[in-house]
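# Topology and contacts: notes
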Amino acid sequence: MEFIKSNRVHLIQRMGMITVKQIADDLLACNVMSCEEVNTIACEKVEQEASRMMIYMILNKGSEACNILVRSLEKHNPFLFHDLQGYCTTGQVEQDKLNYLIQDLKYVYLSSAFQKYHPLGSDIDIIFDLGTAYTDILLWKKDIHNSRKGQLTLNVLLEELKNPCIIEGEAGKGKTTLLKRIAVLWASDNCSTLKKFQFVFFISLTSTRGGIYETVCDQLLFEQYPICKQDFIKMLLAQRQRVLFLLDGYDEFKPQNCPEIEAMIKENHKFKNMVIIATRTESIHKIRQFGSLIAEIGDLSEESCKKLIKNVLTNKLADGLLNQLKEATSMKNLMKTPLFVIIACAIQMGESNFHPSTQTLLFSTLYDLMVEKNRYKTKEITENHIMLSINHCGDLALGGIFDQRFDFQSEDLADIKEEVLLASGLLNKYTAQRLKPTYRFFHKSFQEYTAGRKLCKLLTSCQEAEVKKGYSYLQKINTISDVTNTYFNLLLYTCGSSLDATRIILDLLKRIDQHRDISQLLSLKNLALESKYTTPPENVTEKEDLNKSDKDIFADCVINFFYESSSKSALSRDFEEFFCDKSIYINTQNIPIYFSDFFRYLPNCVSVLGLIKLDFFGNDSSSKEIDNENVEDLQISSLKTYIPEKAVSLFFNWNQSLRSLEITLQDFNKLKKRDIKYLGKICCSAASLKLRISNSAGITGTLNEVLETCKNLQDLTVESTPLTVEDERQITTMTKLKTLHIRDLQSENLEGGLIDGIKKLVNAEGLVLDNISMDEGDAKKIAEGIRNLRKLRLLYMNHLTAIGDGITYIVRSVSDELNELEEIQLVNCCISSDAVEILAQNLCNLPQLNVLDLSENYLEKKGKDAIDRLVDGLNVLPGMKVLMLPWGDDVKVCLTKLLELLEKMPQLTKLGLRKWSLTDVEVRILGNFFEKEHLKNLQHLDLSMNCVTSDGWLSFMQPLISLKKLVSVDFSSKQDWVPASLLVCKLSQVLTTLNYLKEIKVTGWKFDRHDLGLINDAKVNCRKQFQLVHS
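Attention in this report is confined to the structure presented alongside it. (Residues numbered from 1 in each chain as written. Predicted model: local features only at pLDDT ≥ 70, side-chain atom pairs only at ≥ 80, totals over all residues. Heavy atoms only, no water.)

Take the packing of aromatic side chains next. Tallying each qualifying case throughout the model produces 34 aromatic pairs. Centroid distance Trp953 to Trp1005: 6.0 Å. Interplanar angle 45 degrees. Geometry classified as tilted. One end of the pair, Trp953, is in helix α44 (residues 950-960); the other, Trp1005, is in the loop between β28 (999-1002) and α46 (1009-1021), with 52 residues separating them in the sequence. Residue class for Trp953 comes out buried when judged on its relative accessible area of 3%. An aromatic cluster of three or more residues is present, and its members are Phe554, Phe562, Phe575, Phe578, Phe579, Phe598, Phe599 and Phe651. (Phe/Tyr/Trp six-rings, centres within 6.5 Å; stacked < 30°, edge-to-face > 60°. Helix = DSSP H or I, 4+ residues; strand = E, 2+ residues; numbered from the N terminus. Buried < 20%, exposed > 50% of the residue type's maximum accessible area, 1.4 Å probe, protein only.)

Structure follows, in structure tokens:
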């Protein structure tokens, strides 16, 4: 009791929620606390409050209860216990013992037992040496949001090491080898960066037991080591960041086996020791938030692959395998993963006739090798028992994939003889420090292959019961995410095992595609401002902007399945139905090899694709000459400075016309004659061409040459790229253009340029001028020019802040002449009350109009009257989908009239009343309107910069739930303010109720950490990925 009383301040501040819950469980088991008391503590969100509550409960229960708490603290958090006992200041562990520990650790890391290993399991006597099997790897530095922020070598990683550091990577990428390499470098004193560490502990998290001390002794030292646990803990506390823990395999770690290690990772600030954790990509979400430095292991370069093969094989075998890989170009992607290189090397040792081509064939060869080569070990067992056991192994693998199980127990083997599976090497058995043995496949990827092999056998069986069983598994795969993520490898290996199985899987994919989730339909098809003319928002990250959409990823997966099936043209008609109107994305930094086979063997599928998106990346810093091969191997976007020949051969050699091609040129500071020629060869392959040029000053002055090669150009986008007058004149000669989008162009408008020639684009259906240099005189020219654009359906003129009264001329031309217009967006472009009244009077001339965005415009004079007339004019357009209104003095008096209008617009998907000076009264009126469900299809709502208090927003939360299809809302405030706690609670409830909500903006709302914790818990509980944007 005295210990608790004297240290209660430290206990309250430092115990942490994990320790509190563990101690509470012990107290419950000892009948010291009731279930109600434990639940009360566990439900407390603030860890200090939970600690305080438990400590005062126990102090009131007497000394025996206090003793139980102290013993539990010593068990679960020895670091804190010994620190409070004063062990850190009562003297140092004897230096000679520490020196012995250092020498023992170095002896372990330099030993053959640590550096030599069986890549295919101990039963196959093929040994690799870490010293020769390790090759330099490429690491990608990542932030907590999973975006790549730059490249790292191992040396740079160690120099920039932050605590804790997380190493992520897919199966077989070399995570374990990397950590072992660090341990060996430390032991050999060959790395100056590692000399700052007194101790390095390599721990395999798959076989932890007890505490850290017990695990270290078990894996690296021996029991009854001269340094006792108490002194070991004291040493860790004293040495702090001079101790490095290398924790391998967090994806297979069971925290309950060693809570101290879990606390070291998730509460590292309390222990101070440096930690590097390795985990598979699919498990990093469990610890991503705790990582100060996150690094992803990249692909193995071709040079590193060759080096690895030469290091582990004899010269003759290495030359043979390298020649086979050179001929089988389809293996290039496989060889980017060290695991597959090692398997290929191992198989080469045992099978001189091995010829690799796909992942399935690689694993199939391995599977057959393991079973056949070890058949002699089970010669006493009948062939029937052997086949039953192998079949059961497939059932284990397949069931495990759907249950996310990778450890199996004795009961899972039922009556099957385990020696068959162990002898063949299909399963490994682990018994050390376990009450019951555990069985695992030697690698998760091998389990996935075995499962795919079994699923293929079930689906193509002649027995009805087996076919029915196979289809019962397929019924569990229901969404695109299931295909592209959870069961991708399973389906890949199933397709690779049989053409008939591929045909069945393809039918499954068609069904999923036809019945995709409604939220995907909403986000991909029905959002009015996500039409084909709409530009991505400014805050879109590079990954979101440049990489594949969900639809692209789905199509890419199916191309992978086709390639893996080795079906060539055999299933071309089956695949054609799926690919009709699909889009695919090709990043020219790394064109996957399977695209070559797709273009070669499925030309009918390529010809029915709705769109192929092709991105080329230049370099926005000083460029340098680099040959094709090096660029391709390094896969570094900053080094790509020209159009690669591989892309040219892929498109120019194809003998049929593509339907539509979308090409992006980004960050080019130089464009050579050869690049223009290559680009022309690619562009001529499509009947319809879209060209997007972004941030490419190197194209300035040569754009006219580029456009001359694009005779079939229909959509042109130029962003943040200066234009010469010749460039602008060339644009105006492209009379077949259907869409022209110019953004972020601040150069002076020259005589005879784009402004003067806009009238020539008579076939244009979309015109977007966003943040370009334009004065009132230019606006008048534009107004005259667009009168000729009679086919115009979309007009966006945004952020034109210097055009003055020129906007009035533009509005008059629009409302007088362009009666085919469907979308008008005039955002932040000096629109006046007079211009709004002109538009209102002439809306009857725009019968197709369904999008009107006049936001970010202040109507200085007669704003209320202008809005009133606009509402009247909109009565003739009941089919409106987007209505974003300007603001002005007293415009809120028009709210009642506006709501009467909105009752007649059931198709409205976006509504904006930004800066309307709405108060609690108006928001309640608006809430009552929404509860009547007149706007069931509303997806975007902007009520930002109004004058609403907590009471007003609180009354609005319940009506908000009526808008079931909401995707984004903006409730941002003019000034910073603190929302009431009840409002935060209600907001959290709303977030869990609206199924399609992706973004909520509440800039100006000042949340504290309790508020954010509550919102985050709601987000986690409902498993949503919405984004909260706040101050």
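Structure's up, so let's keep going.
Right, let's talk about the side chain of Asp482 for a bit. If you trace the backbone, Asp482 turns up in helix α23 (residues 480-486). Despite being buried, Asp482 has no salt bridge partner; Arg511 is the closest side chain of opposite charge, sitting 8.5 Å away. The residues contacting Asp482, other than those within four sequence positions of it, are Lys476, Ile477, Tyr487 and Phe488. (Lys, Arg positive; Asp, Glu negative; His and termini not counted. Salt bridge = Lys/Arg side-chain N within 4 Å of Asp/Glu carboxyl O. Contact = heavy atoms within 4.5 Å.)

Further remarks concern the pattern of salt bridges. Applying the stated criterion across every chain, the model contains 36 salt bridges. Between Lys254 and Asp407 there is a salt bridge, and its shortest N-O distance comes to 3.8 Å. Highlighted residues: Lys254 in the loop between β7 (243-248) and α14 (259-266) and Asp407 in the loop between α19 (383-403) and α20 (418-424), separated in sequence by 153 residues. Relative accessible area serves as the criterion here: at 36%, Lys254 is assigned to the partly exposed category. Two residues, Lys897 and Asp868, come together in a salt bridge whose shortest N-O distance is 3.1 Å. Of this pair, Lys897 sits in helix α42 (residues 895-902) while Asp868 sits in helix α41 (residues 863-873), placing them 29 residues apart in sequence. Classification of Lys897 by relative accessible area gives partly exposed; the value is 28%. If you follow the salt bridges from partner to partner, you end up with Glu784, Arg787, Arg790 and Glu817 in one network.

With seven of seven residues buried, strand β13 (residues 611-617) lies mostly within the body of the structure. Residue alternation in β13 divides its side chains into two sets, Leu611, Lys613, Asp615 and Phe617 and Ile612, Leu614 and Phe616, and both sets are buried. With six bridges joining them, β13 and strand β14 (residues 658-666) adopt parallel strand pairing. What sits directly across from Phe616, in β14, is Leu665. (Pairing = 2+ DSSP bridges.)

Turning our eyes to something else, we now look at the pairing of strand β3 (residues 139-142). Of the strand pairs in this sheet, β3 and strand β4 (residues 148-152) are connected by four bridges, and their pairing is antiparallel. The residue bridging Leu139 from the neighbouring strand is Leu152, located in β4. Sheet analysis places β3 next to strand β9 (residues 293-297), joined by four bridges and oriented antiparallel. Residue pairing for β9: Leu139 is matched across the bridge by Ile297.

What follows covers the environment of Met884. Take Met884: it is sitting in strand β23 (residues 882-884). Classification of Met884 as buried rests on a relative accessible area of 6%. For the pair Met884 and Asp853, spaced 31 residues apart in the sequence, the C-alpha separation amounts to 4.5 Å. Discounting residues that sit within four places of it in the chain, Met884 has contacts with Leu852, Asp853, Leu854, Ser855, Lys910, Leu911, Gly912 and Asp942.

Interpretation in functional terms is not warranted from these geometric data alone.
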